[in-house]
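# Structure at a glance
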Amino acid sequence: MGSEAASSQAPFDIHKIAIIGAGPCGLAAAKYLVAQNAFEKIDVFEQQSEVGGVWKYSAKPSENHRVPQVSPECPPDPPLEPGDGNDDKGPVFPSPMYELLHTNIPRGLMPFTDFPFSDNLLIFPSRDDVQDYLVQYSQDIRHLISFSTEVKNVRLRQDPEEKDQWDVEVLSLRTGELTTATYDAVVVASGHYSIIYIPDIKGISEFNSTYPEVISHSKYYRTPEPFRNKKVIVVGNAASGLDIASQLSQVSQQPLLLSVRTPTPEANLEWTGAEEVPEIEEFLVADRAVRFKDGRVEKNIDAIVFATGYFYSLPFLSSLQPPLVTDGRRVRGLYKHLFHIDHPTLVFPGLPIKVVPFPVSQSQAAIFSRVWANLLPLPSVEEMKRWEDEEAEKKGSKYHVWPVGADSEYINSVHDWITKSGTPGKEPPRWSEEQCWQRTIHMKAKLKFELGGRKAKTLEELGFDYEPEQKDDSGPLRQGAGGLSDDDDKPLPLDFTHHYSEITKRRNASKIKAIYKFFQIPGILNIAGGLPNAQFFPYDTLEAQAAKPERWTPSSGSSNPSAPNHITIPHDDSTQKDLLQKIDLATALQYGMAQGYPPLLSWIRQFTREHLQPGVPYRGGPEVVLTCGSTDGFAKALNLFVTPWRETDPIEDRPGMLCESYIYPNIPNQATPLGVQMVPVKTDEAGMAVSGPGGLEDVLANWDTTKGKRPHLMYTVTLGHNPTGILLSVERKKAIYAICSKYDVIIIEDEPYWYLQFPDAALEEAKSRGLPPPPPPPQPTTNTTDNRPSSGFPFLDSLVPSFTPLDTDGRVVRLDTFSKTVAPGCRLGWITAQPSLIERLERITEATTQQPSGFVQALISKLLISPPAPPPPTPSTSSTFSLFSKPTPTTPNPHPSGWQPTGFVTWLSGLRAAYQTRMIKMCSILDAGSTLITTPPTRSPSWAVVKKTKLYSFRWPRAGMFIWLRMHFPSHPLFPVFKSALSTALMVWLTGKEYKVLVTTGAIFAADDEIKQKEGWEYLRLCFAAEEEQNVGLAAERFVEGVKGFWEVRDHGVIKKLLEEVKGSSVQEEEEEGMVNLAGFMGC
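Here the structure is a predicted model, which is why all the values come from computation and not from measurement. (Residues numbered from 1 in each chain as written. Predicted model: local features only at pLDDT ≥ 70, side-chain atom pairs only at ≥ 80, totals over all residues. Heavy atoms only, no water.)

Turning next to the overall build of the chain. Along the chain, the regular secondary structure elements total 27 helices and 39 strands. By the burial criterion, 56% of the 1084 residues in the chain qualify as buried. For the chain, the accessible surface area stands at approximately 46,600 Å², while carbon and sulfur atoms represent 53% of it. (Helix = DSSP H or I, 4+ residues; strand = E, 2+ residues; numbered from the N terminus. Buried < 20%, exposed > 50% of the residue type's maximum accessible area, 1.4 Å probe, protein only. Areas by Shrake-Rupley, 256 points an atom, 1.4 Å probe, with all protein chains shown as cover.)

Rendered as structure tokens:
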């Protein structure tokens, strides 16, 4: 059937079908075509002597391979003769299968749905178990299979009636006979693990010629023994690379080196026992060495195993035009990865990557068997070509890579579609909710299976218990190199290693922590690690009275929202086997991994990815690492990106950091000792300016290199800026991001106030000042700005987002903290960034702070994850309380369900409402008192002149905790004499006994001395968060009265005396009774 016939949906006329390959896809195709009962002849050609395809193991690999190998057009490896190290009846075509391989897919998910695995097998079956399974599955169709028969050529021919037919030429590998038969349709199920890819790296050809035994590919790996005591490099960290590295590291010289393009998740790297290194940049023949991209050279290399994948290759279809395969990255001209568009009697099941292949091949077979039987239609050729063009443009070289979870959706949608159609034939598979859940956790389960010694037969043994509607994509594991999210159509984040500091480039993973992976092996006796025994910890429980999440939102339905919940953290929760749910002192107070306490890390990661930052626009999504608060997070970001500069170093090497005109002073206090120069960008009412003199574009485009290196870092607070209270719009963020992308600037976004966005600020400001009401803000819908995915919470969707949802490059490093959402003394926060940056930050954490305090992490974990425990029993009146008495142990609830995301968001929403009330109260009082009205004396008793003096002006904050006032000091009668010194005098004046209110001068927030001297002294920052509720209005009233009183001062001596008070010290030694604090110095 030609293309015209396809467009007009002419019926197929298919009687004879050839299937190329008797691997899983070929077997599924045969079963469904036979069951369709619509075709006269079905022939299956298999070049091996048995079914199995890629699962057919040969103890001996192929003997020759090309180095480098960068073309899909090279001939396939020749077969091995029977008996040549292989127990086969015919010639052997070695596959990539190796001896100790176990599946990556659990037993309940992997099989054909009409033929389950035996329950006696391991949960992740071995390769020989799978091969035996496929042999059993083939029993009822073996009569269709011609074994040891190689397909040499498939040629299209068209008869005068425009009916496509295919001449299939086959070679009997036993007799040498070459025959040709004609078929109406062809199923190409020949697999795509034959032609290897080894990149053409500088010096690799000469190196391989000199040392032909060193370079190999994972296809030729069989057992670890040949690598014993050798210096080994494994290249690639997808599934096979990690598995092979794990096996080789047990016998090779230590450490085995794992060369990667993108960082390996910590848990996976620890499992391998390898040391991660960058990509190989050059092969050095003289020393049998390689140079990595960071400049490191490793000599005397004994073996290099490239686990770098394969090309698609179809040599027997080379006559079909236009060519099916060009660069080897995809098969061209296909609709839905299956039907050839111009000749839909040719299909290619099994091309998708990152799927569960057996059931997917069943779904594909269910489709084409019905299409060829004229029971289901295909779209027109034009529609199919349009689909291919759009898919190719969207996915590029990852054309056949399906996003994680797409196979679940495909399997079930195909089933429902075919079932609804009512067409006869073999029923396609359908996954249950439990199977879909298994698909989300199978990589974590596989890691636990490996760490447990490959012994488990059920997921429950590994700590995974299915509960209806349970979903899980948390945890630090991933599938291959693609990450966890279903976003393979998104771009990879950019590589920013060129911005790493010299120290960062030299950091390696902790070798002592590489052995932590073995601690989880059941029954292992640990005498390796220097861990104190938990029974000697002097705490039996940790207990607290904690708030309910609805404390500040009583309308949420709680019967007593102000009443606390009692939480108890036991010494050892022996009932909980899942480390991501286990919260006890034995684990929380023990040494742990740098990225954080597993339950809390997992919770924060999932909250960040699903709710706080959904839909991040780079592949794989962000990762997180816990910090000791945002100050610590910023220090680690500096460590990551800044090589310290000294006065004796060349000026052109001096690093710079872009920032707003006003900045939290602790930031330059951390950066400038490293030699960083702060580079302020002009800031207007809407935030950092983009264009115009002093704007971001102007600063970067016209950078003077005699002042230092053009800045490659930016520090910013966009959601409630400290001190100005600015809320940066999405439009302004887009413009800033575009410029940062243009000039390759890393954005360090510090957002402690992100949830304190005040939707009523503009309207209340207008009311207070008698202005027309502003237009209402757009109402949030299920999708937020720019069609970002919904967070699942209307409150979060209503907020202006950070830079992260705009971060197509992966250049945003976001700092978060519990300081403003729980308490500053927690010293707990986290960093969100692309995985490669998080990996470097983990290395920094290992060598500096380690993870945050175990006490704090346990308490926050219990608050967010675990349920409240019942309060301890009330002691009888006759009992005697002892400070040292052992508390009654409480039984931990094995089913955690504490605040959870819903409760945490409820808490944040309530806090926002409470702080907005404070802000409105203070701003209203400040508005009312912003003008000083005086009546100078006159000679007439019947009239008087009323003089109005504007004391200050300000914009109501749209977010944050601060009000930023510009004092009109030039209107003060003594300004000509004291000028900027009036700012200091006013601050001291307000602390006097008559007013007792403390504020912060804006000068300390100026990003540089020029801003400070020019205008910084004109500003004051007032904090409406620090004082008790009843004091907020009082503090504002005292401030207003104090300012008015200060403006009435005419005596020079009064001002001089105030200034003398701060000459010796700017800090009072004791807090005076009755003083109210609008400064909020500590921590903000």
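On we go.
With the rule as written, the count across this model stands at 45 aromatic pairs. When the centroid spacing of 5.1 Å and the interplanar angle of 80 degrees are considered together, the rings of Y539 and F855 count as edge-to-face. Placement of Y539 in the loop between α11 (502-506) and β21 (541-546) and of F855 in helix α21 (residues 854-864) is noted, with a sequence separation of 316 residues between them. Judged by relative accessible area, which is 39%, Y539 ranks as partly exposed. By way of ring pairs, the aromatic residues F969, F975, W989, Y995, W1017, F1046 and W1047 are connected into one cluster. (Phe/Tyr/Trp six-rings, centres within 6.5 Å; stacked < 30°, edge-to-face > 60°.)

Turning our eyes to something else, we now look at unusual backbone geometry. For the bond from V67 to P68, the omega torsion is -5 degrees, close enough to zero to count as cis. Mapped onto the elements of the fold, P68 is located in the loop between β2 (41-45) and α3 (127-137). Note that the residue after N722, namely P723, is joined by a cis bond; omega there is 20 degrees. Along the chain, the position of P723 falls in the loop between β28 (713-716) and α17 (730-742). The phi angle at H337 is positive, at roughly 60 degrees, despite the residue not being glycine.

Here we come to the side chain of S246. In this structure, S246 sits in helix α5 (residues 239-248). Leaving out residues up to four positions away in the same chain, S246 has contacts with W271 and T272. (Contact = heavy atoms within 4.5 Å.)

All right, on to the sheet that holds strand β12 (residues 275-277) then. In space, the five strands of this open sheet follow the order β9-β16-β10-β11-β12, with parallel pairing throughout. The sheet is open, and its two edges are formed by β9 (215-217) and β12, each paired on a single side. This sheet shows a mean twist of 25 degrees between the axes of neighbouring strands, independent of strand direction. Note: strand β10 (residues 232-235) against strand β11 (residues 257-259), three bridges, orientation parallel. Looking across to β11, one finds that V234 is bridged to L258. (Pairing = 2+ DSSP bridges. Axes fitted to C-alpha atoms, helices over the stretch in contact; angles between N-to-C directions.)

Another point: the sheet that holds strand β13 (residues 280-284). Sheet strands pair by backbone hydrogen bonding; their relative direction is either parallel or antiparallel. With respect to topology, three strands assemble into an open sheet ordered β13-β14-β15, the strand pairing being antiparallel. Whereas interior strands pair on both sides, the edge strands pair on one side only; in this sheet they are β13 and β15 (297-298).

The subject of this paragraph is a negative patch on the surface. Together, E434, E460, E461, D465 and E467 give the surface a local cluster of negative charge. Relative to the helices and strands, E461 resides in the loop between α10 (433-451) and α11. (Patch = residues over 30% accessible without salt bridge, like charges linked within 9 Å, V, L, I, M, F, W, Y side chains within 5 Å. Salt bridge = Lys/Arg side-chain N within 4 Å of Asp/Glu carboxyl O. Lys, Arg positive; Asp, Glu negative; His and termini not counted. Charge placed at Lys NZ, Arg CZ, Asp CG, Glu CD.)

A word on the confidence of the model for the chain. When pLDDT is low, close inspection of the predicted coordinates is not appropriate. Of all residues in the chain, 88% have pLDDT values of 70 or greater, and the mean over the chain is 87. Contacts of residues 1-8 to residues separated by more than four positions or lying in other chains number 23 contacts, the stretch itself having pLDDT below 50. This model gives residues 780-785 a pLDDT under 50, and the stretch forms 12 contacts once residues within four places in sequence are excluded. (pLDDT = per-residue confidence, 0-100.)

Now for the environment of A689. Along the chain, the position of A689 falls in the loop between β27 (687-688) and α16 (696-701). Overall, the relative accessible area of 7% leaves A689 in the buried class. Between the alpha carbons of A689 and I736 there is a distance of 8.3 Å; along the sequence they are 47 residues apart. Not counting residues up to four positions away in its chain, the partners in contact with A689 are V681, K682, T683, D684, G695, L696 and R732.

Of all five residues making up strand β25 (residues 677-681), four are buried, and the element is well covered by its neighbours. Two strands pair when backbone bridges link them, and strand β24 (residues 656-660) and β25 are joined in this way by five bridges, in the parallel orientation. Note on β25: the bridge partner recorded for C659 is P680. A crossover connection joins β24 to the parallel β25 through helix α15 (residues 666-671); in handedness this β-α-β unit is right-handed. (Right-handed = clockwise from strand over helix to strand, strands pointing away.)

We now examine the pattern of salt bridges. Enumeration according to the criterion identifies 51 salt bridges in this entry. The salt bridge partner of E450 is K446, with a shortest N-O separation of 3.4 Å. Of this pair, E450 and K446 both sit in helix α10, four residues apart, which is roughly one turn of that helix. The exposure classification of E450 matches that of K446, with both residues buried. A salt bridge links E1029 to R918; its shortest N-O distance comes to 3.3 Å. Highlighted residues: E1029 in helix α26 (residues 1029-1047) and R918 in helix α22 (residues 900-928), separated in sequence by 111 residues. Overlapping salt bridges, with partners in common, bring together E266, E839, R840, E842, R843 and E846 in one network.

Let us look at helix α9 (residues 406-421). The first and last C-alpha atoms of α9 sit 22 Å apart over 16 residues, in line with the 22 Å expected at 1.5 Å per residue. Looking only at α9, the buried set comprises A406, D407, S408, Y410, I411, N412, V414, H415 and I418. Elements in contact with the buried residues of α9: α7 (357-372) and α10. (Expected span 1.5 Å × (residues − 1).)

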